[in-house]
Amino acid sequence: MPPALNPAAQLLRFSLWVATILTAGCWLLLVVALAASWNIPGHSGWPEAVLVLAGTAATLLALGRHLPGQNVILAAGVIALSGGLVHTLGVLTAVPFGPFAYGENAGPRIFNVLAWPIPALWIIAVLGSRGVARLILRPWRKLQNYGFWLLGVTAGLTVVFDAALEPFATRVQSYWLWLPTRIPVSWHGTPLVNFLGWLLAVLLILAFATP
C-alpha cells in the first residue's frame, strides 16, 4: 500500500488536476467554437486568457512535483523575463524574429509594447518542451553529453511549438501580423528568420534557466 501523501503534496496534486482540466476545457471550447463558427458568450478573448493562465499553472505545478518550489519559481521568472525582453526587442527593432506587430486580439500591452500573454507562452513552450525532451532522452540519461542533448532537443521542440502556433495566431486569430521581408520564403506568412530567432533565444535562456 503506497504511503499517504502529506497535505502539501495533496494540495499540489489537486491544483495540478484543476489547472489541467481548465486547460483542456478551454482548448476544447476554442476548437468547437472555431469549427462551428460559434461566438463564445461573454467578453471576447476570455477562453484564450484562461487557457494561457491555466496552461502556465499546470506546467509549473507539474514541474513542482519533481523540483523544489524555489527552483521552479526562479526558472519560470528567468524564462518569462527573458522571453518578454526578447519579444519586446523584436517588436521595437524586428530583431531577432523579423518585423511584426501585435493585433487587437492580442490583448492589453505591458508598458504599451508587449502583449501580456507572451511571457506566459514562453514558460509553457520552454518548460513543456523540456519535459518532453526529458522523456525522449530518458534511455540515454547516463550519457556524458546528456545535458547538451537535452538543451538541443528542448530548443528544437520549442521551435516546433512556435511553428504549430503561428498559423493559428496569425491567420485565424490575428494575435500578431508579420510584415513583408526581403526573403520570399515563409511558413504560412511567418518569415523563416523567426524560427532561427526562437532557436537562438531558447538556447540562451536555457543556459540560465534550466533547473
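Residues numbered from 1 in each chain as written. Predicted model: local features only at pLDDT ≥ 70, side-chain atom pairs only at ≥ 80, totals over all residues. Heavy atoms only, no water.

*Asks:* Can you walk me through the packing of aromatic side chains in this structure?
*Replies:* Applying the stated criterion to the full structure yields 5 aromatic pairs. Three or more aromatic residues joined by ring pairs make a cluster, and in this case those are Phe97, Trp122 and Trp198. (Phe/Tyr/Trp six-rings, centres within 6.5 Å; stacked < 30°, edge-to-face > 60°.)

*Asks:* What am I meant to see in the side chain of histidine 87 here?
*Replies:* Note that histidine 87 resides in helix 3 (residues 69-93). Owing to a relative accessible area of 8%, histidine 87 belongs among the buried residues under this scheme. Side chain to side chain, histidine 87 and tryptophan 122 meet in a polar contact 3.1 Å long. Dropping the residues within four chain positions of it, histidine 87 is found in contact with Phe97, Phe100, Tyr102, Leu114, Ile118, Trp122 and Trp198. (Helix = DSSP H or I, 4+ residues; strand = E, 2+ residues; numbered from the N terminus. Buried < 20%, exposed > 50% of the residue type's maximum accessible area, 1.4 Å probe, protein only. Polar contact = N/O pair within 3.5 Å; in protein donor to acceptor, adjacent residues only side chain to side chain. Contact = heavy atoms within 4.5 Å.)

*Asks:* Mind showing me how you'd approach the packing of helix 4 (residues 117-136) against helix 5 (residues 146-172) here?
*Replies:* When two helices pack together, their arrangement is given by the angle between the helix axes and by the axis-to-axis distance. Put simply, helix 4 and helix 5 touch, their axes get as near as 8 Å, and they point 130° apart. Accordingly, the angle class assigned to the pair helix 4 and helix 5 is oblique. The element helix 4 and its partner helix 5 pack so that their crossing is right-handed. Within the contact between the two elements, helix 4 uses Leu121, Ala125, Val126, Ser129, Arg130, Val132, Ala133, Arg134 and Ile136 and helix 5 uses Tyr146, Leu150, Val153, Thr154, Leu157, Thr158, Phe161 and Leu165. Looking at the contact of helix 4 with helix 5, its residues break down into 12 nonpolar, 3 polar and 2 charged. (Axes fitted to C-alpha atoms, helices over the stretch in contact; angles between N-to-C directions. Parallel < 35°, antiparallel > 145°, perpendicular 65-115°, else oblique. Left-handed = near helix turned anticlockwise from the far one by under 90°. Nonpolar A, V, L, I, M, F, W, Y, C, P; charged D, E, K, R; others polar.)

*Asks:* Where do I start with helix 6 (residues 192-209) in this structure?
*Replies:* Since one α-helical turn is 3.6 residues long, residues separated by three or four positions face the same way. Across its 18 residues, helix 6 extends 26 Å between first and last C-alpha, which sits within 8% of the 26 Å expected from 1.5 Å per residue. All of the buried residues along helix 6 are Asn194, Phe195, Gly197, Trp198, Ala201, Val202, Ile205, Leu206 and Ala209. For helix 6, the angular spread of buried residues about the axis comes to 155°, placing them on one side. Among the exposed residues of helix 6, those oriented more than 90 degrees off its buried face are Leu200, Leu204 and Ala207. Contact partners of the buried residues in helix 6: helix 3, helix 4, helix 5, strand 4 (176-178), strand 5 (186-187) and strand 6 (190-191). (Expected span 1.5 Å × (residues − 1). Arc of directions from axis to C-beta.)

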